[in-house]
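Architecture at a glance
So the chains spell out like this:
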Amino acid sequence: MADVGKFFREVKSEAQKTNWPTRSKLFSSAAIVLLILFVTGVYFWLLDLGFSNLTSWILSALGIR
């Protein structure tokens, strides 16, 4: 059981050494992440739309659909 106590003391010690971001830095980083998620979401949506239309066109050209 002494090892468990030592583990939690070391965890606390390491957590105190952590350099936490400021509120403004945190919000700006979160905004950048959300922007990147939105841009990649739109990109993949357009890519999916294009491939879907291409597949439909190929299938109709072959008389399958």
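Our subject in this report is the structure included herewith. From a predicted model like this one, the values you see are computed outputs, not experimental measurements.

Together, Y43, F44, L47, F51, L54, W57, I58, L62 and I64 make up an exposed nonpolar region whose accessible area comes to about 1,000 Å². Note on placement: Y43 falls in helix α2 (residues 23-61). Classification of Y43 by relative accessible area gives partly exposed; the value is 49%.

This part takes up α2. An α-helical turn contains 3.6 residues, so a residue and the one three or four places further along point in the same direction. The terminal C-alpha atoms of α2, which comprises 39 residues, lie 57 Å apart, in line with the 57 Å expected from a rise of 1.5 Å per residue. G63, located one to two residues past α2, shows a positive phi value of around 75 degrees.

The final tally for this structure, using the stated rule, is 2 aromatic pairs. Summarising the aromatic geometry, the rings of F7 and F8 are spaced 5.3 Å apart at their centres and angled 70 degrees between planes, so their arrangement reads as edge-to-face. Classification of F7 by relative accessible area gives partly exposed; the value is 47%. With a centroid separation of 5.2 Å and an interplanar angle of 70 degrees, the aromatic rings of Y43 and F44 are classed as edge-to-face. The exposure class assigned to F44 is exposed, which follows from its relative accessible area of 52%.

Thresholds, definitions, all that
Residues numbered from 1 in each chain as written. Predicted model: local features only at pLDDT ≥ 70, side-chain atom pairs only at ≥ 80, totals over all residues. Heavy atoms only, no water. Patch = residues over 30% accessible without salt bridge, like charges linked within 9 Å, V, L, I, M, F, W, Y side chains within 5 Å. Areas by Shrake-Rupley, 256 points an atom, 1.4 Å probe, with all protein chains shown as cover. Salt bridge = Lys/Arg side-chain N within 4 Å of Asp/Glu carboxyl O. Helix = DSSP H or I, 4+ residues; strand = E, 2+ residues; numbered from the N terminus. Buried < 20%, exposed > 50% of the residue type's maximum accessible area, 1.4 Å probe, protein only. Expected span 1.5 Å × (residues − 1). Phe/Tyr/Trp six-rings, centres within 6.5 Å; stacked < 30°, edge-to-face > 60°.

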